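A structural walkthrough
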Amino acid sequence: MMTYTLTTPLYYVNDRAHLGSAYTTIACDAVARHQRLRGESVMFVTGCDEHGQKIQRTAEAAELSPQAHCDLISEGYRDLWSRWQISNDRFIRTTDPRHQQLVAQFFARVQANGDVVEGRQQGWYCVACEEFKDDAPGSEDPECPIHLKPLEWRDEVNLFFRLSRYQAQIEALIRQPGFIAPASRQKEVQNFVAQGLRDFSISRIDLPWGIPVPGHEGHTFYVWFDALLGYLTALLDPNEPVVLEQVLERGWPAQLHVIGKDILRFHAVYWPAMLLSAGLPLPERVFGHGFLTREGQKMGKSLGNVLNPEVLLERCGRDAVRWYLLRDIPFGEDGDFQQQRFTDLVNNDLANTIGNLLNRTSAMARRWFADSVPPAGAAAQVDHPLAVAALAAGKSVNVALTDFDFRRAAEAALQLAIAANGFLNEQAPWKQMKLEGQESLVAEDLYAVLEATRWVAVLLAPLLPELSVRMLVQLGQAPFDSGPRAPACPPGSNACPWLLAQQWGRLEPGLPLIEPQPVMLRLELESPL
RNA sequence: GGCUCGGUAGCUCAGCUGGUUAGAGCGUGGGAUUCAUAACCCCAAGGUCGGGAGUUCAAGUCUCCCCCGAGCCA
């Protein structure tokens, strides 16, 4: 069975997780859950990138060994994702000894293919970028334009990867529609490649905190070379011997790499070339998403306005943050985190519109129909206005999620809830109940709204798994398993619960309804986050 | 400095190959209602579409220049 493999970047352990990493990871989580709900077998990879001089120095500054520092930070990531209930199947650390073995095997292939050459590299180096700066600013004390830190003069013999040999293949690759997403990022990479690809160095000398290059004493691998390979190591079963070829049986090639727009070049150019050299298939798609600002300003330590995902989690909860990030920020574009808007949207959409819909409908059904789902009558038919709305919403959600358009998906689910609320106000069952002989009409109306509400819960499952579960439980429905070990359904089988749930009329009349509890509380933030 | 993307109501954004009075949600104001989490539903106000020039019978939508923001390459 085909595996849907997707990855977050392997986060650099230079510092603790920030909101940006949480954003990327949550988006991937939504995709992974959606695929699992559709019955796909999913391999969702995340992890940490732990080598390089920058890490070594950060550790020294903290008076820790590099390993101790990496252990600390990567454990922080692992713990954070677990508390966010991220459904990753793997968490790879590039300091894993197994990774070292895989890198050696990969390197051997690249070398056997004639793509490794020695070259002298001389120039100004930025440790923060872990890169040589081609155009040295001439003067005596050049600074890195990005980090505003002094550059260091290096003169060393390194190993180079012969990227230049792959010019034509890379050009063809990035021309393919869909490989680089969103499409608006394609040109930038094309122009970069059009300038002519130059070989890039894949080793460093006298940098102990890295993976040793076999056969080249004193060389360690350049951090990017080793980090990208983490995607492969992650796929291997932790108990099986490390055999590069085996990744083909474990989900390679990936369907999707989700990354921040700043590292598109590495994923859309360098990485495919490395894979070509090693004779491995290429990933289907590289999605470069935008960055988050906060209240219109760039987040940064110097400004002291960094939004900590731990704080967000504790004070606001998973559903609220996921909803805001997925529903309001166009995936792919830059976005701005605004606290007022955050609470407005969460309270309006989740508490007032969706939560209250369930609450009011369930309360009426219980009051007038013996604590249970009323008889459906004509409302069971698929031409009921809410049935039509539900089917349309379901279609939109599925299409939107396939396109990684979380906003459209969230909007579609929300619109269904709005339609159901509107229908209730039009039909006003509370008025009808005061009249004689209107009970069957009221029953139909309430059934239709309860069923539409069930649909809202179903459609929210990939985006807000927890809210979805709380709603389904109140409706007496079995919640869906979209977690790491969710069982996949063979293609063509009709056993996929989530897809089955997207049929109008699945709610059983007569089913007991438990006393409604608010499924989503309003956010009341007295102080800024 | 070069390249790319974006700059549309207070806020977040839709506006396909140029064509009737520029749309939605949030926020704001008003109304209606009481089943419900002071919730839901309805209505309204709000924009010289970043600035300037040009092409056209007609431009938010095409061309050029400039300004602002972001990313990449230097």
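Keep in mind that what you see is a predicted model, and the values were worked out from it rather than measured.

What the rule picks out here adds up to zero disulfides. Here Cys 28 stays free of any disulfide, with the sulfur of Cys 48 as its closest cysteine sulfur at 14 Å. The exposure class assigned to Cys 28 is buried, which follows from its relative accessible area of 0%.

Axis separation between helix 1 (residues 19-37) and helix 10 (residues 318-328) bottoms out at 10 Å; the angle between their running directions is 85°. Looking at the two axes, helix 1 sits roughly perpendicular to helix 10. Contacts from Tyr 23, Ile 26, Ala 27, Asp 29, Ala 30 and Arg 33 in helix 1 reach Arg 322, Leu 325 and Leu 326 in helix 10. For the contact of helix 1 with helix 10, the residue count by class is six nonpolar, no polar and three charged.

This paragraph deals with the side chain of Ser 277. Structurally, Ser 277 is set in helix 8 (residues 264-277). The class of Ser 277 is buried, set by a relative accessible area of 4%.

Taken together, the neighbourhood of RNA strand B is formed by 40 residues, with Asn 191, Lys 261, Arg 265, Asn 356 and Arg 360 sitting nearest. Between RNA strand B and Asn 191 there is a distance of 2.4 Å, counted from a sugar or linking oxygen to a side-chain nitrogen or oxygen. Contact between RNA strand B and Gln 338: a sugar or linking oxygen at 2.9 Å from a side-chain N or O atom of the residue. Breaking the surface near RNA strand B down by element, the ones donating at least two residues are helix 6 (186-194), helix 10, helix 11 (339-368) and helix 13 (406-427). When residues of the surface near RNA strand B are assigned to their parent elements, the largest contribution, 11 residues, is made by helix 11. When the residues that make up the surface near RNA strand B are grouped by side-chain class, the tally is 10 nonpolar, 12 polar and 18 charged.

We now examine the confidence of the model for chain A. Summary statistics for chain A give a mean pLDDT of 91 and a share of 97% for residues scoring 70 or more. Reported for the predicted complex are a pTM of 0.94 and an ipTM of 0.91.

Attention now goes to the sheet that holds strand 12 (residues 286-289). With parallel pairing, six strands are arranged side by side in an open sheet as 3-2-1-11-12-7. Only two strands of the sheet have a single partner each, and these edge strands are strand 3 (90-93) and strand 7 (180-181). Sheet topology note: the strand 11 (residues 256-260)/strand 12 ladder contains four bridges and is parallel. Its bridge partner being in strand 12, Val 258 is matched across the sheet by Phe 287.

Attention now moves to unusual backbone geometry. Here the bond from Ala 181 into Pro 182 is cis, since omega is -10°, no more than 30 degrees from zero. For Pro 182, the position within the fold is in the loop between strand 7 and helix 6. Here the residue pair Trp 252 and Pro 253 is connected by a cis peptide bond, since its omega of 5° sits within 30 degrees of zero. You can see Pro 253 is positioned in the loop between helix 7 (223-235) and strand 11. Even without being a glycine, Phe 404 presents a positive backbone phi close to 60°. Within the fold, Phe 404 resides in the loop between helix 12 (385-402) and helix 13. If you check the backbone angles, Ala 428 has positive phi at about 40° while not being a glycine. Its location among the elements puts Ala 428 in the loop between helix 13 and helix 14 (429-432). Given the relative accessible area of 7%, Ala 428 is considered buried.

This part takes up the pairing of strand 3. Residues Arg 90 and Ile 92 of strand 3 are buried on one face, and the alternating residues Phe 91 and Arg 93, pointing to the opposite face, are buried as well. Alignment of strand 2 (residues 41-49) against strand 3, held across four bridges, turns out to be parallel. Paired with Cys 48 across the strands is Arg 93, a residue of strand 3.

The subject of this paragraph is the side chain of His 51. Of note, His 51 is situated in the loop between strand 2 and helix 2 (53-61). Side-chain polar atoms of His 51 contact the side chain of Asp 226, separated by 2.9 Å. Other than its neighbours up to four places away in sequence, His 51 contacts Tyr 12, Thr 94, Thr 95, Trp 209, Gly 210, Ile 211, Val 223 and Asp 226.

Looking now at the environment of Phe 337. Relative to the assigned elements, Phe 337 resides in strand 15 (residues 335-337). Sequence separation of Phe 337 and Asp 445 is 108 residues, and the distance between their C-alpha atoms is 39 Å. Not counting chain neighbours up to four residues away, the residues in contact with Phe 337 comprise Leu 19, Thr 293, Arg 294, Glu 295, Leu 307, Leu 312, Tyr 324, Leu 325, Phe 342 and Leu 529.

Below, the discussion takes up the pattern of salt bridges. The final tally for this structure, using the stated rule, is 22 salt bridges. Between Asp 71 and Arg 93 there is a salt bridge, with its nearest N and O atoms 2.7 Å apart. Of this pair, Asp 71 sits in helix 3 (residues 66-83) while Arg 93 sits in strand 3, placing them 22 residues apart in sequence. Taking relative accessible area as the criterion, Asp 71 reaches 34% and is therefore assigned partly exposed.

The terminal C-alpha atoms of helix 3, which comprises 18 residues, lie 26 Å apart, in line with the 26 Å expected from a rise of 1.5 Å per residue. Every buried residue of helix 3 is accounted for by His 69, Cys 70, Ile 73, Ser 74, Tyr 77, Leu 80 and Trp 81. In an axial view of helix 3, the angular spread of the buried residues amounts to 115°, which keeps them on one side of the axis. Looking at the buried residues of helix 3, the elements they touch are strand 1 (3-12), helix 1, strand 2, helix 2, strand 3 and helix 9 (309-316). Immediately beyond the C-terminal end of helix 3, within one or two residues, lies Gln 85, with a positive phi of roughly 55°.

Moving on, we get to the packing of aromatic side chains. The tally for this structure, following the rule as stated, stands at 20 aromatic pairs. Measuring from centroid to centroid gives 5.8 Å for Tyr 11 and Trp 81, while their planes differ by 55°, and the two rings are tilted. Within this pair, whereas Tyr 11 is found in strand 1, its partner Trp 81 is found in helix 3, the two being separated by 70 residues in sequence. Accessibility classification places Tyr 11 together with Trp 81 in one group, the buried group. Judged by centre distance (4.4 Å) and plane angle (15°), the ring pair of Phe 200 and Tyr 270 falls under stacked. Here the residue Phe 200 occupies a position in strand 8 (residues 200-201), and Tyr 270 occupies one in helix 8, the gap between them amounting to 70 residues. Both residues of the pair, Phe 200 and Tyr 270, count as buried. An aromatic cluster of at least three residues, connected via ring pairs, comprises Phe 161, Tyr 166, Phe 200, Trp 224, Phe 266 and Tyr 270. The ring of Phe 266 carries Arg 265 above its face, with NZ or CZ at 4.9 Å from the centroid.

Calculation notes
- Residues numbered from 1 in each chain as written.
- Chains lettered and ligands numbered in written order.
- Predicted model: local features only at pLDDT ≥ 70, side-chain atom pairs only at ≥ 80, totals over all residues.
- Heavy atoms only, no water.
- Disulfide = S-S within 2.5 Å.
- Buried < 20%, exposed > 50% of the residue type's maximum accessible area, 1.4 Å probe, protein only.
- Axes fitted to C-alpha atoms, helices over the stretch in contact; angles between N-to-C directions.
- Helix = DSSP H or I, 4+ residues; strand = E, 2+ residues; numbered from the N terminus.
- Parallel < 35°, antiparallel > 145°, perpendicular 65-115°, else oblique.
- Contact = heavy atoms within 4.5 Å.
- Nonpolar A, V, L, I, M, F, W, Y, C, P; charged D, E, K, R; others polar.
- Near = heavy atom within 4 Å.
- Polar contact = N/O pair within 3.5 Å; in protein donor to acceptor, adjacent residues only side chain to side chain.
- pLDDT = per-residue confidence, 0-100.
- Pairing = 2+ DSSP bridges.
- Salt bridge = Lys/Arg side-chain N within 4 Å of Asp/Glu carboxyl O.
- Expected span 1.5 Å × (residues − 1).
- Arc of directions from axis to C-beta.
- Phe/Tyr/Trp six-rings, centres within 6.5 Å; stacked < 30°, edge-to-face > 60°.
- Lys NZ or Arg CZ within 6 Å of the ring centre and 35° of its normal.

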